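# Descriptive structure summary
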Amino acid sequence: LNGSLDRFFDGNLAPIIETTRGCPFKCLFCVQGTDHYRNVRRFSHKRIQKEIVYIAKRMKKHSKNVGYLRIADSNFGMFKQDVEISKTIKHVKNKYGWPKFIDATTGKNKKDSILETVGNLEGSLVMYNSVQSLDPIVLENVKRKNISYEVMRQVQIDAAEMGVKTLTETILSLPGETFKSHKEGIYQLMRMGIKQFTNYQCMLLKGSEMETNESRKTFSFNTYFRVLPRSFGVYSDERIVEVEEVITSTSTLSFEEYLNSRRLHLIFIIYYNGLRFKPLIKFLSIYKIDIEEWFDKLLLNIDFSDDLKITSLFSDFIMETREELFDSKDECFDFYTKEDNFNDFINGKIGGNLLMKYFSIATFYSWKSIVNHAVECAISLLKERNANYHKEFINNIHIYMDSLLASGRKSDEILSSNCVHMIYDIAKWIDDEFNCIFEEYKLPNGVYAEFSLSKNNLEILKGAIDVYGDDIIGLSKLVTRVQYSDQIMECRLIDS
């Protein structure tokens, strides 16, 4: 409010604010789980209101293409004040057109307050249902207690009725977790109705109880060091990078299982987040094939695909996952602060978020191959069941999903519309909640369907590309700063 941060409104950087500090929970893996952070403190509502308005005015003037706000609170939405803050953000969004997307971790308790907070923001904020794990042994090991399955499921129902998007977080390599329990936990969350996943690796944070020698010994942690994505600077002529320590195996999780879990995470963000493959998933359910079976098949068939784009996507991801790990902090630091490597780090050629990098490659550069792999695995399952499935209809689902996403290697290709010939009206089938009488959607002689971005999505994607660029480095940033739905095209049937 005194203007000291005005120079950072530069058309590229996104603002971050914190309204509340401290956390009432005791999670072993979190620094704020220690007694030091037990008391929750917050700024006055008047000050926060002034800051949000102050930021909004300058974003509109200097950074009109940066529609992103991050709120650093640990449990946003859990307190009454957060409801009022959401009303302020809604007001400035209507007046200044910012923010379009808010990244904030919402709390796990007081669901009514959280739902009201998220609802006020009208799609700009996703509601978090962070569980970290669903295994009771793991939760006991990390001193965490999740809300009950019934309450969590009701939250999903309430959120869906309000049109609120939900997201959950899990952490790989927590003490006591196995590959089987980790995967089953994710499947359980899908069955619960969670629409989006973020899967983290377990960092040993300095100051957390998990980072102590006692915890390391008790749970047999094996760790490596890697650089934190986009965390670098030059201070007093010295190159500085941030290094984190991650758990890559425990007494219950081997290193190979760690790598396989990482591959599973990439499959989930490609094939589940954003529900781009919902038509195919619903088609399979008509033939009594569960989504879990399809995901198992996706994972199993990666190495046997005839499409080199699929096999290389996942093999390159695992290769880079191995290569980003160093035996010591000093070894990692020395590598990234060498002049050539540091320049590559600054330019985004190395040291980025690998999940986002390969998610971007999948959705922008290899989308047709991604869709083809999805359909091939679905058909394989149908044949294994000897199902008398509707071949023409699944072929039209294939065409529909193939055309649905704004993708390509350059901005013009990403933003352009496309036209395809279709025999079945898949869009109407989706609107009708996936009716199993397929012939009701047959189009006499077939028609053409045009897929194009809505005015709003076109504006968001074009603005983001203008800020971050259309190379894979820029797209890796873009996908963390827009919503999945912003990349989806609208389908319109045309006569010719």
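Source: prediction; values computed, not measured. (Residues numbered from 1 in each chain as written. Predicted model: local features only at pLDDT ≥ 70, side-chain atom pairs only at ≥ 80, totals over all residues. Heavy atoms only, no water.)

## Some thoughts on the overall build of the protein
Note the threshold: Secondary structure is summarised from DSSP: a helix means a run of H or I of at least four residues, a strand means a run of E of at least two, and numbering begins at the N terminus for each. Between the two quantities, the radius of gyration covers C-alpha atoms and the globule rule is 2.2 Å times the number of residues to the power 0.38. Three labels apply to residues, based on accessible area from a 1.4 Å probe with only protein chains included: buried if under 20% of the type maximum, exposed if over 50%, partly exposed otherwise in between. Contacts are assigned to residue pairs with any non-hydrogen atoms lying within 4.5 Å of each other. Only the protein chains shown count as cover for residues, and all accessible areas are computed by the Shrake-Rupley method using a 1.4 Å probe. Charge convention: Lys and Arg are scored as positive, Asp and Glu as negative, and His as well as the terminal groups of each chain are ignored. Where a charge lies is defined by one atom per residue type: Lys uses NZ, Arg uses CZ, Asp uses CG and Glu uses CD.
The helix and strand inventory of the protein stands at 20 helices and 13 strands. For 496 residues, the compact-globule estimate of 2.2 N^0.38 gives 23 Å, and the protein sits close to it at 23 Å. Each principal axis of the C-alpha atoms in the protein carries an extent, and together these give about 70 × 55 × 50 Å. Of all 496 residues assigned to the protein, the portion counted as buried reaches 52%. Taking contacts inside the protein between residues at least 6 apart in sequence as the whole, the part at least 24 apart equals 78%. With an accessible surface of roughly 23500 Å², the protein has 49% of that area assigned to carbon and sulfur atoms. In the protein, which carries 65 positive and 68 negative side-chain charges, the distance between the mean positions of the two groups comes to 6 Å.

## Things to note about unusual backbone geometry
Most of the time, phi is negative for any residue but glycine, and the peptide bond is trans. The peptide bond linking tryptophan 98 to proline 99 adopts the cis configuration, its omega dihedral lying at 0 degrees. Among the secondary structure elements, proline 99 is positioned in the loop between α2 (80-96) and β5 (101-106). Even without being glycine, aspartate 237 reaches a positive phi, approximately 65 degrees. For aspartate 237, the location among the structural elements is in the loop between β9 (222-235) and β10 (238-249). With a relative accessible area of 76%, aspartate 237 lands in the exposed category. The residue glutamate 433 is not glycine, and still its phi comes out positive at about 65 degrees. Relative to the helices and strands, glutamate 433 resides in the loop between α18 (426-431) and β12 (442-452).

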